[in-house]
Amino acid sequence: MQELTIVQTVADLESDTRLDPVVTQANRLYSTLFASRRLRDLLHGVPLGHPLHPLAVQVPLGAFTSSAVLDLFPKTARQSKLLVGLGIVSAIPSIAAGWVDWLSLHRQQQRVGIVHAAANATAVGLYVISYLQRGRGHQASGRLFGYAGLAVMSIGGYLGGHLAYRQASGANHAEDVPHLMPSGWQVLAPLEELPDGELSTMDVAGQPLLVLRRGHAVSVLSNTCSHLSGPLNQGELVDEESGSTCVSCPWHGSVFDVETGAVVHGPATSPQPRFITRVQDGVVQVQLPGADG
Ligand code: FES
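Residues numbered from 1 in each chain as written. Predicted model: local features only at pLDDT ≥ 70, side-chain atom pairs only at ≥ 80, totals over all residues. Heavy atoms only, no water.

The protein chain is annotated in an unreviewed UniProt entry as Rieske 2Fe-2S domain-containing protein from Lacisediminihabitans changchengi. UniProt's Sequence similarities (unreviewed entry) comment on the protein chain is quoted here verbatim: "Belongs to the bacterial ring-hydroxylating dioxygenase ferredoxin component family." The record held by UniProt for the protein chain lists under Cofactor (unreviewed entry) the comment "[2Fe-2S] cluster". (UniProt positions renumbered as here; feature names shortened; annotations may be inferred.)

Here it is, written out as structure tokens:
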């Protein structure tokens, strides 16, 4: 089956450097606006365990679409206006979550993301006009602006799909590790060969692992950051207020507990695969629970 023309058009946006001045300005603006790490973690969806944005958009999408259906029937003006209003208000947190995720993407993803955001902002603008027109009693033009909003929102949705599935923004980039690691204990290295108190990386069964030895204790995580595959061994060790030792990803600053692999700070929302370890005859062995590779 042949691809639609729009597929290549959207793919071309990834390398369209004409978008870069806008991307740079938006980076500046939204980095300042969302400077609070606590707010960013919330909007990324760290407490949810996956990105908040795709969940948050369900409310405005549902409200706008329902309003479009109601507009096909007589005597539904009041209910339809209410749904348009709900869509506009509920779009605010989903837009905020989208921008926070956007700040921690690769440039190719940001280019597509900025067009996705522009399409959705246009759609919301059209719905605001639709709402105002309905409030003034101009039902026909209110409906027309609503349908125009729906059409533009569909383009924004297509771009969002490209970002999420083709460019894998928001996906867990460490999900495949258990399927690539063999089950059972695997040899890592002699304990004495591991640097003490420093992050290092070692390959086991072709998988890069992050290793932190502290005396006789060895903590091991997948080295591939679950956010966008950054190399964690090139990050920094940080001590969190909770007292846990963590690693900060060098690419976008996600922070993971070295002992458990849990996400302490986003943009990552999925934990790092965490290996259990043992020392036998001076040799460190690792095992990934659930590995079936
Ligand atoms: S790759 Fe983005 S935080 Fe690690």
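Asks: I'd love a proper account of the pairing of strand β6 (residues 245-248), names of residues and values included.
Replies: Side chains of β6 alternate between two faces, with T245 and V247 and C246 and S248 buried alike. Pairing between strand β5 (residues 236-239) and β6: 4 bridges, direction antiparallel. If you follow V238 over to β6, its bridge partner there is C246. Counted along the chain from β5 to the antiparallel partner β6, the turn is 5 residues long, and its residue G243 has a positive phi close to 95°. In this structure, β6 lies alongside strand β7 (residues 255-257), joined through 3 bridges in antiparallel fashion. In the strand pairing of β7, V247 is matched with F256. Once β6 ends, the chain turns through 6 residues before running back antiparallel as β7, passing G253 with a positive phi of about 80°. (Buried < 20%, exposed > 50% of the residue type's maximum accessible area, 1.4 Å probe, protein only. Helix = DSSP H or I, 4+ residues; strand = E, 2+ residues; numbered from the N terminus. Pairing = 2+ DSSP bridges.)

Asks: Give a description of the sheet that holds strand β10 (residues 283-287) that names residues and reports values.
Replies: Strand order in this open sheet of 6 strands is β1-β10-β9-β4-β3-β2, and the pairing throughout is antiparallel. Here the strands that pair on one side only, and so sit at the sheet edges, are β1 (186-190) and β2 (199-204). In this sheet, adjacent strand axes meet at a mean angle of 35° when their direction is disregarded. (Axes fitted to C-alpha atoms, helices over the stretch in contact; angles between N-to-C directions.)

Asks: Please provide a residue-by-residue account of the layout of surface pockets, values included.
Replies: A water-sized probe, rolled over the atoms, reveals where empty space remains. Its volume calculated, the largest pocket comes out at about 1100 Å³. In terms of lining residues, the largest pocket is bounded by 44 residues, among which H53, P54, V57, H116 and G160 are the most central. Of all the secondary structure elements, the ones that give two or more residues to the lining of the largest pocket are α4 (53-56), α5 (58-70), α6 (77-103), α7 (107-135) and α8 (139-166). With 9 residues, α8 is the single largest residue contributor to the lining of the largest pocket. Across the lining of the largest pocket, the residue classes break down as 23 nonpolar, 20 polar and 1 charged. A domain-level breakdown of the lining of the largest pocket finds at least three residues from each of domain 1 (5-166) and domain 2 (177-287). (1 Å grid on protein atoms, 1.4 Å probe; cavity = no way out; pocket = protein on both sides within 12 Å on 5 of 7 lines; lining within 4 Å. Points joined across faces, edges and corners; volume = space filled by probe spheres on them. Nonpolar A, V, L, I, M, F, W, Y, C, P; charged D, E, K, R; others polar. Domains from an automatic or database assignment.)

Asks: Any details on the pattern of salt bridges? Residues and values, ideally.
Replies: This model, assessed by the stated rule, comprises 8 salt bridges. The partner of D16 in a salt bridge is R18, and the shortest N-O contact between them spans 2.8 Å. The class for R18 is exposed, based on a relative accessible area of 69%. Of the charged contacts, one joins R213 and E192 as a salt bridge, the two residues approaching to 3.9 Å between their closest N and O atoms. Of the two residues, R213 sits in strand β3 (residues 207-214) while E192 sits in the loop between β1 and β2, which places them 21 residues apart along the sequence. In this structure E192 comes out as exposed when scored by relative accessible area, which is 62%. Shared partners join several salt bridges into a network, and the residues in it are D20, R107 and R111. (Salt bridge = Lys/Arg side-chain N within 4 Å of Asp/Glu carboxyl O.)

Asks: Tell me about the domain arrangement of the protein chain, and name the residues and values.
Replies: Structurally, the protein chain comprises domain 1 (5-166) and domain 2 (177-287). Its C-alpha centre places domain 1 at a distance of 37 Å from the equivalent point of domain 2. Roughly 910 Å² of surface becomes buried between domain 1 and domain 2 when both sides are summed, with 55% attributable to carbon and sulfur atoms. On the surface where domain 1 and domain 2 come into contact, there are 0 salt bridges. Put simply, domain 1 and domain 2 have 4 residue pairs in polar contact (both at pLDDT 80 or more) between them. Broken down by element, the side of domain 1 that touches domain 2 gets its largest block of residues, 3 residues, from helix α3 (residues 37-44). In the side of domain 1 that touches domain 2, the residues fall into 3 nonpolar, 7 polar and 2 charged. (Buried area = accessible area lost by both parts, 1.4 Å probe. Polar contact = N/O pair within 3.5 Å; in protein donor to acceptor, adjacent residues only side chain to side chain.)

Asks: Describe in detail the UniProt feature "domain: Rieske" (unreviewed entry) in the protein chain, supporting the description with residues and values.
Replies: Those places that UniProt annotates as "domain: Rieske" (unreviewed entry) correspond, in this numbering, to residues 185-286. Overall, residues 185-286 shows 0% helix and 49% strand. The separation of its end C-alpha atoms is 5 Å.

Asks: Provide a residue-level description of the packing of aromatic side chains, including the pertinent values.
Replies: Across all of its chains, the model carries 4 aromatic pairs by this definition. Geometrically, the ring pair formed by Y30 and W99 is stacked, given 4.0 Å between the ring centres and 10° between the ring planes. Here Y30 is found in helix α2 (residues 20-33), whereas its partner W99 is found in helix α6, with 69 residues between them in sequence. There is no split in this pair, since Y30 and W99 are both buried. (Phe/Tyr/Trp six-rings, centres within 6.5 Å; stacked < 30°, edge-to-face > 60°.)

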